[in-house]
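Overview (structure and organization)
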Amino acid sequence: MASRKIVLVTGSNKGIGYGIIESLLEKKSNLRIILTSRNEELGKKSYNKLLSQYPDFKNYFFYHQLDITKKDSINNLISWIKKEFGKIDYLVNNAGLGTHGVTTDLNLHKAVININAFGTINFTEEILKNDMINKSGKIILLGSMMGNLGYLKSQELKNKFKNAKAYQELLNLAESFIKSYENDSVEKDGWCKNSYSVSKMVVNSYARVLSYRDEIEKNDISVFAAHPGWVKTDMTGPEAPLTIKEGAVNEVFLIELPDGINRKYQGKYFDNCKVGSFE
């Protein structure tokens, strides 16, 4: 069992995260796989469903509750990983929230930013602070083409995303976006109105920012942002052209890339299993 690398997928009781895990199980990947979910009941239901379909993975498939916006939940997960495995190898940051189209609901915009931007970054930072990723591991962030900087109306804002060198700069931008919404000055301040887009600008940019970090370099950890495509999920609706399995292809491709930092790929945004651009 020790030879099997460990992959943890956040928010994987449904949608793209579920598709990633199902694809890995179907391929009989030589991995140990951890499914996590905010809602424990729904998470265990998905876990048991997959386990019944792939019983050969009984000793290599695990479940643990995780809410990436809650410090206690993160700490509980980290304590469990330390006890059961020591560390993980591959972290797939999939957990997220959408807006289901244009909305003026400020609380929903705040929730999207809190989960997709603050939750993703703070969870990843806790994982790194606790040294929870083995050498030559991977961090895969679920970005999106919706996070294209071209949606911004302000060149100054675009430059701030492009030139950010630390994750706190990205979180400051996310906070600034929410303040603009509170002040009813989103367009005047140069933002687009879609909080999901802004949250994914943060995530796409975070991959690049992370790739500069000393501990990432020292531990030979690969970092990527991955666009899954427009996928039929509860978040996106039935009009989307891709199935959940098709939405998992890009992320599974990155999981299966050779370990260790590849300079051509490090910190890059991947679309359709190729380096793309969100600028």
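Preceding this section is the structure that the text describes.
Residues numbered from 1 in each chain as written. Predicted model: local features only at pLDDT ≥ 70, side-chain atom pairs only at ≥ 80, totals over all residues. Heavy atoms only, no water.

Take the overall build of the chain next. A tally of regular secondary structure across the chain gives ten helices and eight strands. Over its C-alpha trace the chain gives a radius of gyration of 18 Å, about what one expects of a compact globule, namely 19 Å for 279 residues. For the chain, the C-alpha atoms occupy an extent of roughly 55 × 40 × 35 Å along the three principal directions. Looking at the chain as a whole, 54% of its 279 residues are labelled buried. Considering only contacts in the chain between residues 6 or more positions apart, those separated by 24 or more positions represent 73%. A gap of 3 Å separates the mean positions of the 38 positive and 32 negative side-chain charges of the chain. (Helix = DSSP H or I, 4+ residues; strand = E, 2+ residues; numbered from the N terminus. Rg over C-alpha atoms; globule rule 2.2 N^0.38 Å. Buried < 20%, exposed > 50% of the residue type's maximum accessible area, 1.4 Å probe, protein only. Contact = heavy atoms within 4.5 Å. Lys, Arg positive; Asp, Glu negative; His and termini not counted. Charge placed at Lys NZ, Arg CZ, Asp CG, Glu CD.)

All right, on to the pairing of strand S5 (residues 133-142) then. When you tally the buried positions in S5, you get seven out of ten residues, the bulk of the element. Alignment of strand S4 (residues 88-93) against S5, held across five bridges, turns out to be parallel. Pairing of Val92 across the sheet is with Ile140, part of S5. Inspection of the sheet shows S5 paired to strand S6 (residues 222-227) by five bridges, in the parallel sense. Residue pairing in the sheet places Leu141 in a bridge with Ala225 of S6. (Pairing = 2+ DSSP bridges.)

Relative to the 22 Å expected for 16 residues at 1.5 Å per residue, helix H6 (residues 167-182) spans 23 Å between its end C-alpha atoms, a close match to the ideal helical length. Every buried residue belonging to H6 is among Leu170, Leu171, Leu173, Ala174, Phe177, Ile178, Ser180 and Tyr181, and all of these are buried. On its buried face, H6 sits against helix H4 (106-129), helix H5 (155-163) and helix H7 (195-211). After H6 finishes, the residue Asp184 shows a positive phi value of roughly 55°. (Expected span 1.5 Å × (residues − 1).)

What follows deals with the packing of aromatic side chains. Under the defined criterion, the tally for this structure stands at eleven aromatic pairs. Their ring planes at 85° and their centres at 6.3 Å tell us that Phe57 and Tyr60 sit as a pair that is edge-to-face. A residue is classified by how much of its surface remains accessible, and Tyr60, at 21% relative accessible area, is partly exposed. Ring geometry for Phe161 versus Trp191: centroids 6.3 Å apart, planes at 90°, classification edge-to-face. (Phe/Tyr/Trp six-rings, centres within 6.5 Å; stacked < 30°, edge-to-face > 60°.)

Two packed helices can be described by the angle between their axes and the distance between those axes. Contact geometry of H6 with H7 gives a least axis separation of 9 Å together with a crossing angle of 170°. Relative to H7, the element H6 lies roughly antiparallel. Contact with H6, carried on its side by Tyr167, Leu170, Ala174 and Phe177, involves Ser195, Val198, Val202, Ser205, Tyr206 and Val209 of H7 and no other residues of that element. A breakdown of the residues in the contact of H6 with H7 according to their chemical character gives eight nonpolar, two polar and no charged. (Axes fitted to C-alpha atoms, helices over the stretch in contact; angles between N-to-C directions. Parallel < 35°, antiparallel > 145°, perpendicular 65-115°, else oblique. Nonpolar A, V, L, I, M, F, W, Y, C, P; charged D, E, K, R; others polar.)

The strand order S3-S2-S1-S4-S5-S6-S7-S8 describes an open sheet built from eight strands, whose pairing is mixed. Single-partner strands in this sheet number two, and they are strand S3 (61-65) and strand S8 (274-275). Here strand S1 (residues 5-9) pairs with S4 via three bridges, running parallel. Paired with Leu8 across the bridge in S4 is Leu91. Helix H1 (residues 15-26) rests against S1, strand S2 (31-37), S3, S4 and S5 of the sheet, and its axis sits at about 160° to S2. Packed on one face of the sheet, helix H3 (residues 71-84) meets S1, S2, S3 and S4 and runs near 150° to S3.

Before going further, it helps to examine the pattern of salt bridges. Side chains carrying opposite charge are able to pair once their charged atoms draw close together. Applying the stated rule across the entire model yields 14 salt bridges. Note that Glu26 is salt-bridged to Lys245, the shortest N-O span being 3.0 Å. Of this pair, Glu26 sits in helix H1 while Lys245 is found in helix H9 (residues 244-247), placing the two residues 219 residues apart along the sequence. Overall, the relative accessible area of 29% leaves Lys245 in the partly exposed class. A salt bridge links Glu125 to Arg213; the nearest nitrogen and oxygen atoms lie 2.8 Å apart. (Salt bridge = Lys/Arg side-chain N within 4 Å of Asp/Glu carboxyl O.)

With phi around 55°, Lys28 is a residue other than glycine that occupies positive phi space. Relative to the helices and strands, Lys28 is located in the loop between H1 and S2.

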